[in-house]
Amino acid sequence: MQRPPRTSARPLATRRLAILGSGIAGLYAALLAGDAGAEVVLLTKGRLDQSNTWYAQGGISAVLDHPAPGDTVAAHIADTLQAGAGHCNRAAVELMCREARQDIAGLARYGVEFDPGSDGGPALGLEAAHSAPRILHAGGDATGARVAAALISEVLAREAGGQLTILAGAHATALHQACGRVTGVDYLQAGRPATLDADAVLLATGGAGQLFAQTTNPAVATADGLALAVRAGAAVSDLEFFQFHPTCLVQPGSAGGPGCSGDPLLISEAVRGEGALLVDGSGRRFMRAYHPDAELAPRDVVSRSIALHLAKLGDPNGHIYLDARGIEAAKGAGFLRRRFPTLTQKTLDAGIDWTRDVVPVAPAAHYWMGGVATDLSARTSLPGLYAAGEVACTGVQGANRLASNSLLEGLVFGRRAVESFLSPGPAWAPAGTIPSAQAFGTPAKASPGPQAAAGEPFSREALRRLMTAKAGVLRNGQLLAEAGTLLAAWAAAVQPLKVPADADPRSHEDANLLLAAQLLVAGAISRRASVGAHYRSDSTDVDHSPTAVSRRPKASLVHD
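### Observations regarding the overall build of the protein
Across its full length, the protein holds 17 helices and 17 strands. Summed over its atoms, the accessible surface of the protein is roughly 20800 Å², and 53% of this surface lies on carbon and sulfur atoms.

### Let's talk about unusual backbone geometry
A positive phi angle, near 55 degrees, is found at Ala 190, a position not held by glycine. Within the secondary structure layout, Ala 190 lies in the loop between β7 (181-189) and β8 (192-197). In this model, Asp 238 sits at a positive phi of 60 degrees, which is unusual for a non-glycine residue. Along the polypeptide, Asp 238 turns up in the loop between β10 (236-237) and β11 (242-249). Using a relative accessible area of 12% as the deciding quantity, one classes Asp 238 as buried.

### Points about the packing of aromatic side chains
In the structure shown here, the tally under the stated rule is eight aromatic pairs. Centroid distance Phe 212 to Phe 244: 5.1 Å. Interplanar angle 80 degrees. Geometry classified as edge-to-face. Taken together, the residues span a long stretch of sequence, with Phe 212 in the loop between β9 (200-203) and α5 (224-232) and Phe 244 in strand β11 at a distance of 32 residues. For Phe 212, a relative accessible area of 1% gives the class buried.

### Here we look at the packing of helix α3 (residues 90-109) against helix α11 (residues 406-422)
Contact geometry of α3 with α11 gives a least axis separation of 8 Å together with a crossing angle of 90 degrees. In terms of axis orientation, α3 runs roughly perpendicular to α11. Residues Ala 92, Leu 95, Met 96, Glu 99, Ala 100, Gln 102, Asp 103 and Leu 107 of α3 touch α11, and the partners they reach there are Leu 408, Glu 409, Leu 411, Val 412, Phe 413, Arg 415, Arg 416 and Glu 419. Among the residues forming the contact of α3 with α11, the class breakdown is nine nonpolar, one polar and six charged.

### Some thoughts on the packing of helix α14 (residues 460-470) against helix α16 (residues 505-526)
Packing of α14 against α16 brings their axes to within 10 Å, and their N-to-C directions diverge by 20 degrees. Comparing their axes, α16 and α14 come out roughly parallel. Of the two possible hands of crossing, α14 and α16 adopt the one that is left-handed. For the pair formed by α14 and α16, the contact residues are Arg 460, Glu 461, Leu 463 and Met 467 on the first element and Arg 506, Glu 509, Asp 510, Leu 513, Leu 514, Ala 517, Leu 520 and Val 521 on the second.

### Some thoughts on helix α1 (residues 24-35)
In an α-helix there are 3.6 residues to a turn, and that puts residues three or four apart on one side. Compared with an ideal rise of 1.5 Å per residue, which puts 12 residues at 16 Å, α1 spans 16 Å between its outermost C-alpha atoms and is within 8% of the ideal. Burial analysis of α1 places 11 of its 12 residues in the buried class, the great majority of the element. Among the residues making up α1, those that are buried are Ile 24, Ala 25, Gly 26, Leu 27, Tyr 28, Ala 29, Ala 30, Leu 31, Leu 32, Ala 33 and Gly 34. The positive-phi residue at the C-terminal boundary of α1 is Gly 37, with phi of around 105 degrees.

### Some details on the sheet that holds strand β12 (residues 277-279)
The strand order across the open sheet formed by four strands is β11-β14-β13-β12, and the pairing between neighbours is antiparallel. The two strands at the open ends of the sheet, each matched to only one other strand, are β11 and β12. When the angles between neighbouring strand axes are averaged without regard to direction, this sheet yields 40 degrees. Pairing analysis gives three bridges linking strand β13 (residues 320-323) to strand β14 (residues 359-368), with the strands arranged antiparallel. Note on β14: the bridge partner recorded for Tyr 321 is Pro 360.

### Here's the deal with the nonpolar core
Leu 43 and Leu 211 are the most contacted members of the largest nonpolar core, which totals 61 residues. Here this core gets nine residues from one element, more than from any other, and that element is α16. Residues contacting Leu 43, with those up to four places away along its chain left out, are Ala 18, Ile 19, Leu 20, Gly 21, Leu 167, Ala 170, Val 185, Tyr 187 and Leu 196. Grouped together as the second largest cluster of nonpolar side chains are 59 residues, Ile 60, Val 63, Ile 77 and Val 396 included.

### Things to note about the sheet that holds strand β5 (residues 165-168)
Within the open sheet, the five strands sit side by side as β5-β2-β1-β9-β16. Their pairing is parallel. Both edges of this open sheet fall to β5 and β16 (385-387), since each of them pairs with a single strand only. Strand-to-strand twist of the sheet, defined as the mean angle between neighbouring strand axes without regard to direction, takes the value 20 degrees. Strand direction decides the pairing type here: strand β1 (residues 16-20) and β9, joined by four bridges, are parallel. Paired with Leu 17 across the bridge in β9 is Ala 200. Across the sheet, α1 lies against β1, β2 (39-44) and β9, angled at about 165 degrees from β2, the strand it touches most.

### Brief notes about the side chain of Glu 390
Here Glu 390 lies in the loop between β16 and β17 (392-393). It turns out Glu 390 is buried and unbridged, and the closest side chain with the opposite charge, Arg 401, is 7.3 Å from it. For Glu 390, the side chain forms a polar contact with the side chain of Asn 52, separated by 3.0 Å. One polar contact links the side chain of Glu 390 to the main-chain amide nitrogen of Trp 368, over a distance of 2.8 Å.

### Some thoughts on the pairing of β9
Residues of β9 alternate between two faces, with Ala 200 and Leu 202 on one and Val 201 and Leu 203 on the opposite face, all of them buried. In terms of strand pairing, β9 meets β16 through three bridges, oriented parallel. When the bridges of β16 are listed, Leu 203 appears paired with Ala 387.

### Here's the deal with the state of the cysteines
Summed over the entire model, instances satisfying the criterion amount to zero disulfides. As a non-bridged cysteine, Cys 97 has Cys 88 as the owner of its nearest cysteine sulfur, 9.4 Å distant.

### Considering the confidence of the model for the protein
Across the protein, pLDDT averages 87, with 87% of residues at or above 70. Note that residues 431-453 has pLDDT below 50 and, in this model, 43 contacts with residues that lie over four places away or in other chains. For the stretch residues 543-560, pLDDT sits under 50, and the model shows 53 contacts to residues farther than four places along the chain or on other chains.

### A word on the environment of Glu 390
Under the relative-accessibility criterion, Glu 390 is labelled buried at 10%. Once the C-alpha coordinates of Glu 390 and Gly 23 are considered, the two residues, 367 residues apart in sequence, prove to be 9.6 Å apart. If we skip the residues at most four places from it in the chain, Glu 390 touches Asn 52, Gly 206, Gly 207, His 366, Tyr 367, Trp 368 and Gly 370.

### Quick look at helix α15 (residues 477-494)
Here α15 is 18 residues long and its end C-alpha atoms lie 25 Å apart, about the 26 Å a rise of 1.5 Å per residue gives. Of the residues flanking the end of α15, it is Gln 495, one or two places downstream, whose phi is positive at about 55 degrees.

Calculation rules
- Residues numbered from 1 in each chain as written.
- Predicted model: local features only at pLDDT ≥ 70, side-chain atom pairs only at ≥ 80, totals over all residues.
- Heavy atoms only, no water.
- Helix = DSSP H or I, 4+ residues; strand = E, 2+ residues; numbered from the N terminus.
- Areas by Shrake-Rupley, 256 points an atom, 1.4 Å probe, with all protein chains shown as cover.
- Buried < 20%, exposed > 50% of the residue type's maximum accessible area, 1.4 Å probe, protein only.
- Phe/Tyr/Trp six-rings, centres within 6.5 Å; stacked < 30°, edge-to-face > 60°.
- Axes fitted to C-alpha atoms, helices over the stretch in contact; angles between N-to-C directions.
- Parallel < 35°, antiparallel > 145°, perpendicular 65-115°, else oblique.
- Contact = heavy atoms within 4.5 Å.
- Nonpolar A, V, L, I, M, F, W, Y, C, P; charged D, E, K, R; others polar.
- Left-handed = near helix turned anticlockwise from the far one by under 90°.
- Expected span 1.5 Å × (residues − 1).
- Pairing = 2+ DSSP bridges.
- Core = buried A, V, L, I, M, F, W, Y, C linked by side-chain atoms within 4.5 Å.
- Lys, Arg positive; Asp, Glu negative; His and termini not counted.
- Salt bridge = Lys/Arg side-chain N within 4 Å of Asp/Glu carboxyl O.
- Polar contact = N/O pair within 3.5 Å; in protein donor to acceptor, adjacent residues only side chain to side chain.
- Disulfide = S-S within 2.5 Å.
- pLDDT = per-residue confidence, 0-100.

As structure tokens, this is what we get:
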């Protein structure tokens, strides 16, 4: 028998908002809702500091009350739209850029201290694809960790004061629905199932970098929120758009492939800007064969060139090397440590002295532009279910995210979700136009072909190798079809649209990743044209020549 939903007619103090995830969107929303008097329960499947936000080296973009000379909100809007390759929701972009300063002030109230500039205000950095300096940092290249640490401190203080509840180690497994709305969540904690009733649920679970063999994301990024929403029938959008960073440190020795052990580490484009080269396993420099700008080509071009070179070498899941030794020779001993102190220390921690040795790197899954479709109030197509941050698709990021807009998006739409929860306002309208289960089929009922039936059995490691080789940086119709066939065979056995009966959270993560992989591949097959981060070598709608690609403006994610 269905439980009746908790009614929104009750006083605010007795209305409960369940927030899933402890990145910037979830932490900020928890503080705002709790401070407004709502009952807040924050669930995180690991520790509070295990999130993509914590690893964000980049800053937060915003046009403040006292912007850099010549900068305007209109310019920020224009830059975001250009980076999105014509695929953004303009209304969402305008809203985010217009309201950015409000949430920067909100962070300051919660103890976030941005790096100061010479004029007494916050320092404003300039990144590629931004037309003016508007990037705020905290602790230089540690912005994500500094922001998250400040918000976590505030959340813990409120938990101690009885203003909100934290359920750590709580892995959400299913959303509850009654009378046409989401009414709570099932979860596992310490191997035991439990249920939390709520007036609304906010998904703030982050992305799904663990779909790929190499990722900048932490181990918790396993598409949990997306899978919860899809199983409940929520609309999704733009899942073919996944951004890759070209040079992530490959840390050998993990079962899941390179880059899975230890903390993810991006090697910034700035290192190549200082003169570092990319070489293959034979020590041969190869980028000049792919693009006239070689190592200084746009980020997506470098990622594709590396992937193409590895494919030609017969090792699509392999890696190449960053050679920074010439920088020391040209600019003097100690230059790398002075210019890149964090990277120098972290590479040393990984056992690599980059003044003497080459650094193994490979393109890495970095950020998913697509997700659960939402409106401007972070409402999904299911009443009672909100989504904010990387799990959501607000339309802000379009086909290619602009640097330093991701943390901002989590802030703005996390706040707007809380505002909607506190003031129900107009009737809940459906968000997006793609009911996921109908648009992409039912993976559990897929009929595998003979090639898939004879393929490798399902495992997370096999899934990540498949996605990297056939649905990663390089895509075409044949590769995607091969991926779809094997995914269908695995889905016939795993049944990812069903909630696993296993009490092991890893089994749930595996099912979530398999479901997300099917949705991503289906979207990539459907979109035949190359747009933004979705590149198909068999597309007839773009000029694939290196010169044409180099002239096309692309978003850069330096330090982001």
